[in-house]
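Reading the structure
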Amino acid sequence: MIDIKLDDNILPLQDGESVLEGLLRHGIEVSHGCRAGACQACLLQALAGELPRGAQAGLKSTQKSLGLFLSCQCKPTGPLEICFSDQGAKKVSARVIDKALIGNNILRVRLEKVLDFRAGQYLNIWNGEAGNTLIRSYSIASVPQLEDFIELHIKIIANGRFSRWAADAMESGDQLMIQGPLGDCFYTPGDPQQPLLFMGIGTGLAPLYGILRDALQQGHEGDISLVLGARAEEGFYLREALARLQRDYSQLKVHFVCQSPSAFAGDVDSTDIYSFVKQQFPNTKGMKVYLCGADSFVRKMKKQVFMSGAAMNDIHADAFFPCG
Amino acid sequence: MSLYERIGGAAAVDAAVDVFYRKVLSDDRISHFFDDIDMDAQAAKQKAFLTMVFGGPNHYSGRDLREGHKHMALTEEHFNAVIENLASTLQELGVAQSDIEEIAGIAGSVKDDVLNR
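Residues numbered from 1 in each chain as written. Chains lettered and ligands numbered in written order. Predicted model: local features only at pLDDT ≥ 70, side-chain atom pairs only at ≥ 80, totals over all residues.

With that out of the way, let us pick up the sheet that holds strand 16 (residues 288-294) of chain A. Residues and elements named next belong to chain A. In space, the six strands of this open sheet follow the order 15-14-13-12-16-17, with parallel pairing throughout. If you trace the sheet from one side to the other, it starts and ends with strand 15 (268-270) and strand 17 (315-320), each paired once. Neighbour-to-neighbour, the strand axes of this sheet turn through a mean angle of 15 degrees, independent of strand direction. As judged from the six bridges shared by strand 16 and strand 17, these two strands associate in the parallel manner. Counted as the bridge partner of Val-289 is Ile-315 from strand 17. Contacting strand 12 (196-201), strand 13 (224-232), strand 14 (252-260) and strand 15, helix 6 (residues 273-280) runs over the sheet at an angle of about 155 degrees to strand 13. (Pairing = 2+ DSSP bridges. Helix = DSSP H or I, 4+ residues; strand = E, 2+ residues; numbered from the N terminus. Axes fitted to C-alpha atoms, helices over the stretch in contact; angles between N-to-C directions. Contact = placed C-beta atoms within 7 Å.)

Turning our attention to the confidence of the model for chain B. Taken residue by residue, chain B gives an average pLDDT of 93. The fraction at 70 or more is 100%. Reported for the predicted complex are a pTM of 0.92 and an ipTM of 0.92. (pLDDT = per-residue confidence, 0-100.)

A few words now on unusual backbone geometry. Residue Pro181(A) is reached from Gly180(A) by a cis peptide bond, and omega for that bond is 0 degrees. The residue Pro181(A) is located in strand 11 (residues 175-182) in this model. The phi angle at Gln40(A) is positive, at roughly 65 degrees, despite the residue not being glycine. Look at Ala73(B): it is not a glycine, yet its phi comes out positive at around 45 degrees. With respect to the element layout, Ala73(B) can be found in the loop between helix 4 (62-69) and helix 5 (76-92). The class for Ala73(B) is exposed, based on 9 C-beta atoms found within 10 Å. (Buried ≥ 20, exposed ≤ 12 C-beta atoms within 10 Å, placed from the backbone.)

And the structure:
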């Protein structure tokens, strides 16, 4: 009998039973649908143990790398420790080590690197350590192999309770509770020649900045395009850092797109990001695409690049939602 | 060899799903049903649908299909649009006409459930 460990419970599987069947038999509620490995409703995450062949069929490379699997297709040959996806993220206290304004209402916060992550994942973060605090999610901009800190880019919103607290009250030395890593928007080495297309608006640049540097430091050779949109030119940030990266890596090209660039903006295209992308990348077949920023942008751009040829499994997205 | 094995099994479904989904999203008769949904979740459902009509493993009951589509008040025209896009996808992938007809037949067998008739 094979043992499945879920939280603190050991749930033995009967011979020939899939993980889904076993969990349901033990009275655990697991979403499921087709029971044929196609609809992905029964996705769970393996924390330890070996997954049998076929248990990850059809999943994105990022999901496979996180140990996500189709519980209806999983008949393990050895014990597995599992959890519901994104339930495995640890909560830990982190010290704020740096805080700086790096753009128009954009706060860069650096925390001590108290947990492991892949560039592009995100954290849940509380504005303190005790119970009655605010919680928000922010994507990580740093790369664990390159930097000794966790970097977040926080957009300061006029009546945003968390961002206002971070801007006005939070100080270096403060201890915050964080939970992570979460999310499946990160680089996986597959084909080092595959063209990569990164697109973001506002602080969507944060995770993209991490993912693309991660791709570069992992030796990605194919063309890398980064397209950044903003309402006006002052919405862009990290321009010098990006210019340096372009100089150091010939395969990287950065495009800034906004509706109303200034007269001096030599390198900023005057148009909307959708038209720009349609014109510059009319055929996205074979490209791996990363989309980060407001949910409305992510949804619209996801559809656009899919319709122009990118495979659904090659489109990775990290959508931001306003929280007030 | 079963239909599913003949046309290539799970690999055939993988090859077909993005092609089929793009056709559906370009078809004005039915694209509006997909306006506000999560694309990844919908692609997974398309995969389950294709697996079923290709004669592959499927555990959806008639009741599941009825309940799943009831709220959309689908008509014959909507159903036919899906079959057309399915046939066109299979033709593009080089599937034999007789197999396409068998697949359309499987889809047709669940018509009453999908249209809640």
